[in-house]
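The residues making up each chain are set out below.
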Amino acid sequence: MKLGFIGLGRMGKAMVLRLLEQGVNVVVYNRTKEKVDEFFAETQNSGKLYKAYEIKTLIEQLEKPRIIWLMVPHGIPVDEMISKLLEAGVEKGDIIIDGGNSFYKDSIRHFESLKKSGIHFLDIGTSGGLEGARNGACMMVGGDEEVYKKVEPILKKSAVPDGVAYFGPSGAGHFVKMVHNGVEYGMLQSIGEGFDILYNSKYSFDLHKIAFNWTKGSVVRGWLMELLEKALKQDPKLDLLEGVAGGGETGGWTVEVGKELGVETPVIEESLKARKKSIDRPTFSGKVVAALRNQFGGHEVVKK
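What comes next is a walk through the structure. Along every chain, residues carry numbers that run from 1 in the direction the sequence is written. The predicted origin of the model limits local features to residues at a pLDDT of at least 70 and limits the giving and counting of side-chain atom pairs to 80 or more, whereas totals for whole chains, interfaces and linings rest on all residues. Note that water and hydrogens are dropped before the side-chain values are worked out from all heavy atoms of the structure.

**Observations regarding the overall build of the protein**
Stated precisely, the cut-off is as follows: Helix and strand definitions here come from DSSP, where helices need a minimum of 4 consecutive H or I residues and strands a minimum of 2 consecutive E residues; each element is numbered from the N-terminal end. Categorising residues by exposure relies on relative accessible area from a 1.4 Å probe, with only protein chains included: less than 20% of the type maximum marks a residue as buried, more than 50% marks it as exposed, and the intermediate range marks it as partly exposed. Here, two residues are considered to be in contact whenever any of their heavy atoms come within 4.5 Å of each other. Computed by Shrake-Rupley with a 1.4 Å probe, the accessible areas treat only the displayed protein chains as cover when residues are assessed. Charged residues are defined narrowly, with Lys and Arg counted positive, Asp and Glu counted negative, and His plus the chain ends left uncounted. Where a charge lies is defined by one atom per residue type: Lys uses NZ, Arg uses CZ, Asp uses CG and Glu uses CD.
Secondary structure summary: the protein contains 13 helices and 8 strands in total. Within the protein, buried positions represent 51% of all 304 residues. Within the protein, contacts between residues at least 6 apart in sequence are counted, and of these 69% link residues at least 24 apart. As displayed, the protein offers around 15,100 Å² of accessible surface, 53% of which is attributable to carbon and sulfur atoms. For the protein, the distance from the average site of its 41 positive side-chain charges to the average site of its 40 negative ones is 3 Å.

The structure is reproduced here in structure tokens:
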């Protein structure tokens, strides 16, 4: 079986490499032909990677029922790509997967629209950053359970052991991922504020030493602390960065949905406000958040 994969950004490329190593045949397509050629030239594979310069060519190389994974930015890019797939010949029984950070209501809309043509749609929240995409991600699945079962073997090859979970009907996967990202906002902001206090204290603290110490048995130990230790080892006072945190969309969704459900989200809401404020009022905590986002997701940072 061949999997169609659309989107060769940072996450997409890492996921395809993981799939190839797990023995999955993959046909790749990207909006720009150059990215396809570059990726194909860089990739060491045993004949399991195939290229497509057109959506129609990708579809023609896949056995029915086709499975096509989208790893493109949320919103209009997903809408446009689904429309192109329909125009190019995706048909009844085929499965389209949105593995990006789409808003769950958009995923429900795509599910209902495609269902009219007998085309299946799964929304899969993908977490773990670039390291997870390359070495095994955490995946949160929504959609028809019987469709999920059909693609489960491929998902398990992409994920860490026990890293794939089905959470319910259409939108459930992206809903869980949305909340995951909201929690992430609070965690990043808390770490940033703590190190901001350490940075501005009367003591000449070695921030890298503190981060390293906190990875060794402390209550706050974990992957984020390990990533911060790595970032501080490279740039001990984060002098190369402006204090602009970046991001903000998925956390905003979490706050809005919380309001819809009557759930208070003060930590996530304040974390979102802090990110927005950092654009005009850079802070050291913004540097920490930016550094962490760059470490796990390769997100762009504002440099001095």
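**A word on the nonpolar core**
Spelled out, the test is: Nonpolar cores are built from buried Ala, Val, Leu, Ile, Met, Phe, Trp, Tyr and Cys residues. Side-chain atoms within 4.5 Å join them into one set.
If you look at the biggest cluster of nonpolar residues, it comprises 33 residues, and the most contacted ones within it are Phe5, Val16, Val28, Trp69 and Leu155. Counting residues per element, this core draws most heavily on helix α1 (residues 10–21), which supplies 6 residues.

**Considering the pattern of salt bridges**
Spelled out, the test is: Salt bridges, as used here, are contacts in which a Lys or Arg side-chain nitrogen is within 4 Å of a carboxyl oxygen on Asp or Glu.
Overall, the coordinates contain 14 salt bridges when judged by the stated rule. When the shortest N-O distance is used, the salt bridge between Asp106 and Arg109 registers 3.3 Å. Here the residue Asp106 and the residue Arg109 both occupy positions in helix α5 (residues 104–115), the gap between them amounting to 3 residues, near one helical turn. Assessed through its relative accessible area of 40%, Arg109 is described here as partly exposed. Residues joined in a network through salt bridges with shared partners are Lys64, Arg66, Glu91 and Asp94.

**Some words on the environment of Asn135**
Relative to the assigned elements, Asn135 resides in helix α6 (residues 129–135). Placed 73 residues apart in sequence, Asn135 and Leu62 show a C-alpha to C-alpha distance of 25 Å.

**A few points about the sheet that holds strand β4 (residues 67–70)**
Note the cut-off: Only when DSSP finds a minimum of two bridges between them are two strands counted as paired. What counts as an axis is a line fitted to C-alpha atoms, over the stretch in contact for a helix, and the angles between N-to-C directions run from 0 to 180 degrees.
On the basis of which strands lie adjacent, the open sheet formed by 8 strands has the order β3-β2-β1-β4-β5-β6-β7-β8 and mixed pairing. For this open sheet the edge positions go to β3 (49–51) and β8 (159–168), each flanked by a neighbour on one side alone. Across the sheet, the axes of successive neighbouring strands diverge by a mean angle of 25 degrees, strand direction being ignored. Here strand β1 (residues 2–6) pairs with strand β2 (residues 25–29) via 5 bridges, running parallel. Residue pairing in the sheet places Lys2 in a bridge with Asn25 of β2. Those strands touched by α1 are β1, β2, β3, β4, β6 (120–127), β7 (137–142) and β8, and its axis lies near 170 degrees from that of β1. The sheet strands contacting helix α7 (residues 145–158) are β1, β4, β5 (95–98), β6, β7 and β8, and the helix crosses β8 at an angle near 160 degrees.

Limitation: the analysis is restricted to geometry and does not speak to function.
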